[in-house]
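Each chain, letter by letter, is given below.
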Amino acid sequence: MKKFRRLLMFSALCVVGGVHGQQLPQGATQSHQIDLGNSALFHGESSGYPMVVDAPVVAPLFLETEHFTSTLHLVNSASSTEPATIVVRTPDGNSITTKLTLPGHDSLTLPLKSLLKGVVASRGSLEVYATDPIGSSLTGQLEITYNGEERRAAIDEELLMPSMTTSHTLRGISLESDTLPVVAISNVANTPVLVNVTCNRSAGTPLTNSLQLGRHDTKFVRACSGAPFEVTDDTALLQALDTSKASETIGIQISSEDPKSELQAFGLTLHNVLGHRYFSAINFNDPKEWNSTQSIYAGVPVGYFQPLANTFSPRFSFSNFSNQSQTVTLQGYKAKSGEPSESAAARTIVLPANSSSSFAIVGDPNSSELISYVATSTGMAGDVIAALMDESGTGDNRFLIIGKDASTVLNAGMHPWTADKENHGILVAFNHTSKPQDVTVQIGNGTGGLWQRRITLKPYQTLTQDLNELLLSSDQPDDRGNLLPKNLDHGEVTWWTNDSRRVTGRLFQISNSDRMVKNFSCYGQIVLCQILASATPSVGNVGSSFHFTSTISYCTTNYGGSSSQCYGPNASGGAGATYHWNTYGAFQVTSSSNYDAYANAVGGGNGTAQVQAQSAQCTVNGQAPVTVRAPTRSQIINSTYTGLQVCGNGQQTGHERDLYEQIVDNQNPAQPFLADGVTVGEVITKSSPDDFAWGSGTKTGSGPTAYKNAPNSSPQHGVFTDALYNCDAALNACLAGGGGGKLSVLNQQLTYGGVNVPTINSLHETCTGFTNNGN
Amino acid sequence: MKKRLFLLAIVFASMLRSHSAVSQVPASEVPLLTDVDVRGKTPLELLLEMADIARTPIGIAVSKPSIYTQRISSKGLKCSFIDCVHRILLDAPEYSISESHGVVNIAVSADMLNNSLLNFTFSRFRTFAPSNATRVSADLWGNLQLSLNPKRTGYGGVLRVPSNDDVKLAPFDGRDVTLRDVLNSIVHKQGQMAWVSWPPPDPLVDAPEYELWNLVYFRRSADHTKLCCVYPPPKLANFPEDTKGRLLP
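Below is a short write-up of the structure. (Residues numbered from 1 in each chain as written. Chains lettered and ligands numbered in written order. Predicted model: local features only at pLDDT ≥ 70, side-chain atom pairs only at ≥ 80, totals over all residues. Heavy atoms only, no water.)

Residues and elements named next belong to chain A. One open sheet accounts for four strands, arranged S41-S48-S47-S44; its pairing is mixed. Two strands in the sheet have a free side with no partner beyond their single neighbour: strand S41 (539-541) and strand S44 (578-584). In this sheet, neighbouring strand axes are inclined to one another by 30 degrees on average, regardless of whether the strands run parallel or antiparallel. Pairing geometry for S44 and strand S47 (residues 605-615), over seven bridges, is antiparallel. Paired with Thr 578 across the two strands is Gln 614, which belongs to S47. (Pairing = 2+ DSSP bridges. Helix = DSSP H or I, 4+ residues; strand = E, 2+ residues; numbered from the N terminus. Axes fitted to C-alpha atoms, helices over the stretch in contact; angles between N-to-C directions.)

Taken as a whole and judged by the stated rule, the model has 20 salt bridges over all chains. For the salt bridge of Glu 248 of chain A with Arg 201 of chain A, the shortest nitrogen-to-oxygen distance reads 2.7 Å. Of this pair, Glu 248 of chain A sits in strand S19 (residues 244-255) while Arg 201 of chain A sits in the loop between strand S15 (193-200) and strand S16 (207-213); the two residues are 47 residues apart in sequence, bridging distant segments of the chain. Overall, the relative accessible area of 10% leaves Glu 248 of chain A in the buried class. In this structure, Asp 499 of chain A engages Arg 502 of chain A in a salt bridge whose closest nitrogen and oxygen atoms are separated by 3.9 Å. Overall, Asp 499 of chain A belongs to the partly exposed group, its relative accessible area being 32%. Linked through salt bridges whose partners overlap, the residues forming this network are Glu 656 of chain A together with Arg 135 and Asp 139 of chain B. (Salt bridge = Lys/Arg side-chain N within 4 Å of Asp/Glu carboxyl O. Buried < 20%, exposed > 50% of the residue type's maximum accessible area, 1.4 Å probe, protein only.)

Leu 72, Ile 86, Leu 126, Val 128 and Leu 142 of chain A are the most contacted members of the largest nonpolar core, which has 46 residues in total. Looking at this core, the element that brings in the most residues is strand S5 (residues 56-63) of chain A, giving five residues. Judged by nonpolar contacts, the second largest core, of 39 residues, contains Tyr 725 of chain A together with Phe 125, Leu 159 and Leu 183 of chain B. (Core = buried A, V, L, I, M, F, W, Y, C linked by side-chain atoms within 4.5 Å.)

It is worth spelling out the packing of helix H2 (residues 43-54) of chain B against helix H4 (residues 81-88) of chain B at this point. Working note: a packed helix pair is described by the angle between its axes plus the distance between those axes. Residues and elements named next belong to chain B. Their axes nearest at 10 Å, the elements H2 and H4 cross at an angle of 175 degrees. With respect to H4, the element H2 is oriented roughly antiparallel. Contacts between H2 and H4 pair Pro 43, Leu 46, Leu 47, Met 50, Ala 51 and Ala 54 from the former with Phe 81, Cys 84, Val 85 and Ile 88 from the latter. Taken together, the residues that form the contact of H2 with H4 break down as 10 nonpolar, no polar and no charged. (Parallel < 35°, antiparallel > 145°, perpendicular 65-115°, else oblique. Contact = heavy atoms within 4.5 Å. Nonpolar A, V, L, I, M, F, W, Y, C, P; charged D, E, K, R; others polar.)

Quick look at the environment of Cys 84 of chain B now. For Cys 84 of chain B, the location among the structural elements is in helix H4. As a C-alpha pair, Cys 84 of chain B and Leu 46 of chain B span 38 residues in sequence and 9.6 Å in three-dimensional space.

Turning our eyes to something else, we now look at the packing of helix H6 (residues 133-148) of chain B against helix H7 (residues 179-190) of chain B. Residues and elements named next belong to chain B. Where H6 meets H7, the closest approach of the two axes is 10 Å, and the angle between their N-to-C directions is 170 degrees. Accordingly, the angle class assigned to the pair H6 and H7 is roughly antiparallel. Contacts from Ala 133, Val 136, Ser 137, Leu 140 and Leu 144 in H6 reach Leu 179, Val 182, Leu 183, Ile 186 and Gln 190 in H7. Residue classes in the contact of H6 with H7 are distributed as eight nonpolar, two polar and no charged.

In short, shape yes, function no, at least from these values alone.
Set out below in structure tokens:
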């Protein structure tokens, strides 16, 4: 199918993007066309569909009820302003479209209520379409906030990208609870599809239910229960969430055998802990998109966590979807040192076939370090999935951390950040390899400021960058010496490594007043996409030195499967590539050091310095053209002639022609060398014929004739003066009117700044005067 | 090496530089030169530099090595041009000072070889059209060669004319004049130059001009910032390398 020709699906990718030329789904033709108002970011609806947009990413569920509100966070990791179209769908068939643009390196927070534009809906789904013609740089995440308790709780829902090229299977985990989960399942395809929902409990035979989804249909199901399976209204939805059962962890698989199916899902599980109610999210992944059997959890608070003033204990949940028993080993590493964590010594859990289980690591209130975890399972990639809920000992604070595939081909994270008196942002990035890894961290804001630092992480070390501290600090310049403007309070943070499969990161966002935690874990891909080379000077003289420099750029890109896609919206400059310099033409490289090189001009003419930079799978080439000026000949700019007259001791006849000259170069047209104070040397040799005994006097052969040139008369520069003269009895006949046809010839070899001027001047003397190469 | 301190004042130098190219200031009356540090310069260099600053034509007949081998480092002397010349020549005591037609001449008076050149007498020396100093100097050399070699029919070639030699001198016509007289007349008429003669080869016949004497062009303006040049003949083997062809700053 055309729209997927260069897109594979990453269910936890969050990148908005796709292939162009796709029309909005037919449902969009019934959309409400309501503008969001006079915000500069929003544009009025264009008149009529179809319109050309990209493939969407989808949030299968939003809630806008008494106790739930939803907010869409969009991030633009490109330097340029990027357009996006948001389509909100309600259960009654409405679709409300909003078009907007997002400034470069910025984030945007959109309350769902504003996107509904007055349409009343307590739930629904939304799709985000990017429309940049060279690919998308937008990522997004939907945040559902539960307000039913004294303390708000965020439920993070990553935007998902449908695909037709994979298994049409989604898997997720409902964390241990005494209620049954509710799952919203969306069919993004244009055809109806039959969906199976299977639950892996802690024991017993998996339970499977089925339902039919129409095209672009979203339905809610009470997963893992018998009838009534489908939830048809909001009241039933909340009732369904409250349905009690035995407390257990449940793995959920949603699948279809229809090859045309395009499924997305998101679920909620209600928890009652120590008198507190909270909801946990069920984020679904396509198991075929997992390349490894390792799940990575970066920077998990274990023990006392100062920003939340509470002690946390992570609970890990696992579900084995295979028909064989599998073993999971969990290893923790201290953030600062990368050393194995004592409080999380390697743990092993055995999961019987088609079963789920969980265990908690009790945090030590006297320990306050972040721990990063690697959960490694036996079996095939995707057989065992995991989830982590970090819980406070008081039961009133918790947050879900989404595990990432250790071998994802994506190499970057793009997250919104807010850092002010109310909000605290902390970036974590975990090197889950046994070798040092370089991570580039870039913090931007659409209104200004772009802070970039390249950091080397030791094996298993975790970067912890507090954005609030960074904004307040005066001694944390980036690699170019820049500080972030202190007045910034929100924007976009991107981190990336040159190679994928090395580092995993995310952004904590903490509300200080009620200590609500959000986690932004969206992934994307940053690739080397451009190199610009330049020469200083671009035009120089032979013998001089040229300095070549290059600047590389990284771009966000949609992942292109096995083939490299080294283009997209420009995201940043940066470092980290390997360079190779070559020169072609009239100069030679004398030294090079990564992004710059020096070369000496050894001859005249046009030349090029070529630089190749390589990072991961991308190679870019740049070149800087250079013109090397070499002296080629002298050029007469003026002359005066003194005619034949008596000279010497009165017995001779003489005449003189003064030539005002410049040395010109090899360009077309030739350009004079205008520098003053350059030595113009000459060697004069006699030639034949020599009817007038010319050259019998001064300065034949080499002599001290190398006066430096100087301005002759303003504005002429680079001028030197040669006086061609002869005073000889052999010219007497000329004065008397004879001597026609007689000729004397001298050859003049010039040097300019010590460099030979290749054109040798042929100086002629006749009775009527002097010529220089016929002039 | 005997070192002396000189305060070279340029108080009046800038004022003098604004004079026309042919302005003349009586040499003995020119006050000179404060607060110029002199480091390691030969008497020859220093004499030319002071003549340049004072805009005072000068002629120097180089013979004894002291004038180009001694090095002077100085600071803190205030003197008139002629006083400074005397002080400088304390490092080249064989040399004496005279004045001819407004031009200070410095020479070892008993040097017969030099005198054989500088005292060479022309029964008549004349030029036939206004010419710059370079060209007149070439005519002087040509007349010398015509006189030394009666079989010679003439002289001629290519002259590289320094850019600051752009003053046309009125035609010369003198009888029973020495070569020194003509050189003095050239620098006097031109007003912005000095002559330096070298110990001449023997015989003088066909010796190139630059081995006999050099014209040294004074700095004049922002566009002519060089004092150029002295080209000692190769036989002055101990002539300091850093002074050969030197463009004085």
